[in-house]
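Observations on the three-dimensional arrangement
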Amino acid sequence: MNVNEIVNLEGAADGNDITESTVAQSKEKILIVDDDPSLLRLLGIRLNAANYHVESAQSAKEALGILKSFQPQLVISDLRMEGMDGMALFEKIRQQYPSLPVIIMTAHGTIPDAINATKQGVFSFLTKPFESQELLDIVQQAIRLQPLSSQGNADQESHLWRDKIISRSGVMETLLQQTFQVAKSDFSLLINSQSGTGKELLAQAIHQASERRTKPFTAINCAAIPEQLLESELFGHKKGAFTGADQHHIGLFEASDGGTLFLDEIGDMPMSFQVKLLRALQEKEIRPVGSTSSVKVDVRIISATHKNLQKAIKEQTFREDLYYRLNVVELVLPPLSERREDIPLLAQHFLSQTSGQTTKQVNGFSQTAMELLICAPWPGNIRQLQNVVEQSVALSTESLISESLVRSALREAPNQHPSFQEARDQFERDYLATVLKATAGNVSQAAKIAQRNRTEFYKLLNKHHLNPEAFREV
């Protein structure tokens, strides 16, 4: 591409037209690969002005040498280069860094090749000449959809106590900072969240960050144990205490001595047992069923519920004194819909787990499939996301999971009425997709149909994670 073809990028060198969303970007790393020095210079100026950290390479071979030390979040490569071309470079990158998104630049004459490239897993392609805003939009989208950044890996390695919690969400980061502060104490903690959000993982992280980490962590779901067995399960029983008690049984309190006991779904604990639990917490001792003596225990209690316990107190289904004993500090775990930036990470994690259980070579998600995952309402939270990924892998016949497979898996979820805002957002996204399809991805024409200016229309596309390239005809 000569200088005349890339004149649309020159005007942005001073950064005057950077949008709000661009300014908010931190120093994500981008590697640009092209054998045209002029293009490398201009792209570097534009992306640096948008607050990205840019490195460049004039060949695919040079790029492969830079990748390991630079650890970019995105690679932008020309399709046609001397020696190894853009697609050959992409194959090398996919082998070594399967989660790293690659954008291919192409001239008009090679658009069919570029479309075929997206089917093989390339994130998207830019058709020369392209506008400055178009470049920024697709770069921002690629980084947003990226499953895992190099910084994220570093964070996980340096925070082993939270290594099972996959997140780069600001909301989650705030929660984890609070979690780390209270983990060092021995206060009882209550985790409040919807079902399927990962309450037990957070409880395990608290245990790992505490001084009790070398002692047992034990978990029990209070809703899954019949009332008549709950006391025996927690406090233990003596041989002959009841029919079927043919040997001495150590309860979870005693088994967790010195460590942490996680009581999940505490809101479902029977009222008749709540007073016994309260006494055990107050006295720091338990009495096994059938025993005449008590046993001292040193256990930290973490409890969790998806129920409104204050409402349960008013309805007299949960003891107020027990509530205050359990809820010294409350941690609120956000639903998946409030941490959508974590969806690509979680989806890729579940994909890797599921692929390891099958002989299928499923490497990732198509761009539209990932966009659909990010925009879905997720009433079942992370547990539902895992189910959708597993079902998609099981039915996939390609190396990339398609949008249709994800849509089918989502339809099989329990039918729930969306909120007014969710319904309006869905209508808005469907409308944008319709006008893009009608104009074959021509943003100018689609904006005119929608009676919006281009800047506002681009913001709407970014809001709903829609890429005009996906609607362009071959």
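Turning next to the side chain of Ser210. Relative to the elements of secondary structure, Ser210 occurs in the loop between helix H10 (199–209) and strand S7 (217–221). Residues in contact with Ser210, not counting those within four places in the same chain, are Ala183 and Arg300.

A word on the confidence of the model for the protein. Summarising the model, the protein shows a mean pLDDT of 83, and 85% of its residues fall at 70 or more. Ignoring residues within four places in sequence, the model shows residues 10–26, a span with pLDDT below 50, making 27 contacts including any to other chains.

Glancing now at a nonpolar patch on the surface. A cluster of nonpolar side chains, Phe427, Tyr431 and Ile449, forms an exposed patch at the surface whose accessible area comes to about 320 Å². Relative to the elements of secondary structure, Tyr431 occurs in helix H20 (residues 420–438). Residue Tyr431 is classed as partly exposed on the basis of its relative accessible area, which comes to 34%.

In an α-helix there are 3.6 residues to a turn, and that puts residues three or four apart on one side. Within the sequence span of helix H11 (residues 227–235), burial applies to Leu230, Ser232, Leu234 and Phe235. One or two residues past the end of H11 sits Gly236, with phi positive at roughly 85°.

Before going further, it helps to spend a moment on the pairing of strand S10 (residues 260–264). For S10, a buried count of five out of five residues is recorded, marking the element as mostly surrounded by other parts of the structure. Burial of the side chains of S10 extends over both faces: Thr260, Phe262 and Asp264 are buried on one face and Leu261 and Leu263 on the other. One ladder, built from four bridges, connects S10 with strand S13 (residues 300–305); its direction is parallel. Counterpart to Leu263 in the pairing with S13 is Ser303.

The sheet built from five strands is open, its strands ordered S2-S1-S3-S4-S5 with parallel pairing. The sheet is open, and its two borders are formed by strand S2 (53–57) and strand S5 (124–127), each paired with just one other strand. On average, each strand axis in the sheet is tilted by 20° relative to the strand beside it, whichever way the strands run. The sheet contact formed by strand S1 (residues 29–33) and S2 spans five bridges and is parallel. Looking at S2, one finds that Ile32 is bridged to Ser56. Where helix H5 (residues 86–96) meets the sheet, its contacts fall on S1, strand S3 (74–78) and strand S4 (102–106), and the angle it forms with S3 comes to roughly 155°.

Let's shift gears to the sheet that holds S13. With parallel pairing, five strands are arranged side by side in an open sheet as S7-S10-S13-S6-S14. Edge positions in the sheet fall to S7 and strand S14 (329–332), since each of these pairs with one other strand and no more. The average undirected angle you get between the axes of adjacent strands in this sheet is 20°.

Let us now look at the nonpolar core. Leu234, Phe253, Leu263, Ile266, Leu277 and Phe318 are the most contacted members of the largest nonpolar core, which has 28 residues in total. Taken together, the elements giving at least two residues each to this core come down to H11, helix H12 (252–255), S10, helix H13 (271–283), helix H14 (309–314) and helix H15 (320–326). Among all residues touching Phe318, those that are not within four sequence positions of it are Ile266, Gly267, Met271, Gln274, Leu309, Ala312, Ile313, Tyr323 and Leu326. Of all hydrophobic cores here, the second largest spans 27 residues; its members include Leu336, Leu351, Phe365 and Ala409.

With that out of the way, let us pick up the packing of aromatic side chains. Describing an aromatic ring pair means giving the distance of the ring centres and the angle of the ring planes. Within this structure, the stated rule accounts for five aromatic pairs. Relative to Tyr324, the ring of Tyr323 lies with its centre 5.1 Å away and its plane at 75°, an arrangement referred to as edge-to-face. Judged by relative accessible area, which is 8%, Tyr323 ranks as buried. One aromatic cluster is present, built from ring pairs that chain together Phe235, Phe253 and Phe273.

This brings us to H10. Of all the eleven residues making up H10, eight are buried; the element is thus mostly covered by neighbouring parts of the structure. When we look at burial in H10, the residues that qualify are Lys199, Leu202, Ala203, Gln204, Ala205, Ile206, His207 and Ala209. In this fold, the buried residues of H10 make contact with helix H9 (170–183), strand S6 (189–192), S7, S10, S13 and S14.

Residue alternation in S7 divides its side chains into a buried set, Thr218 and Ile220, and an unburied set, Phe217, Ala219 and Asn221. Of the pairings in the sheet, the one linking S7 to S10 comprises five bridges and is parallel in character. Within the sheet, the bridge partner assigned to Asn221 lies in S10 and is Asp264.

The next thing to look at is the packing of H11 against H13. Remark: H11 packs on H13, axes separated minimally by 10 Å, with the N-to-C direction vectors making an angle of 15°. As the angle between them shows, H11 and H13 are arranged roughly parallel. Considering the relative orientation of H11 and H13, their crossing is right-handed. Contacts between H11 and H13 involve Glu227, Leu230, Glu231, Leu234 and Phe235 from the former and Ser272, Phe273, Lys276, Leu277 and Ala280 from the latter.

About the criteria used
- Residues numbered from 1 in each chain as written.
- Predicted model: local features only at pLDDT ≥ 70, side-chain atom pairs only at ≥ 80, totals over all residues.
- Heavy atoms only, no water.
- Helix = DSSP H or I, 4+ residues; strand = E, 2+ residues; numbered from the N terminus.
- Contact = heavy atoms within 4.5 Å.
- pLDDT = per-residue confidence, 0-100.
- Patch = residues over 30% accessible without salt bridge, like charges linked within 9 Å, V, L, I, M, F, W, Y side chains within 5 Å.
- Areas by Shrake-Rupley, 256 points an atom, 1.4 Å probe, with all protein chains shown as cover.
- Salt bridge = Lys/Arg side-chain N within 4 Å of Asp/Glu carboxyl O.
- Buried < 20%, exposed > 50% of the residue type's maximum accessible area, 1.4 Å probe, protein only.
- Pairing = 2+ DSSP bridges.
- Axes fitted to C-alpha atoms, helices over the stretch in contact; angles between N-to-C directions.
- Core = buried A, V, L, I, M, F, W, Y, C linked by side-chain atoms within 4.5 Å.
- Phe/Tyr/Trp six-rings, centres within 6.5 Å; stacked < 30°, edge-to-face > 60°.
- Parallel < 35°, antiparallel > 145°, perpendicular 65-115°, else oblique.
- Left-handed = near helix turned anticlockwise from the far one by under 90°.

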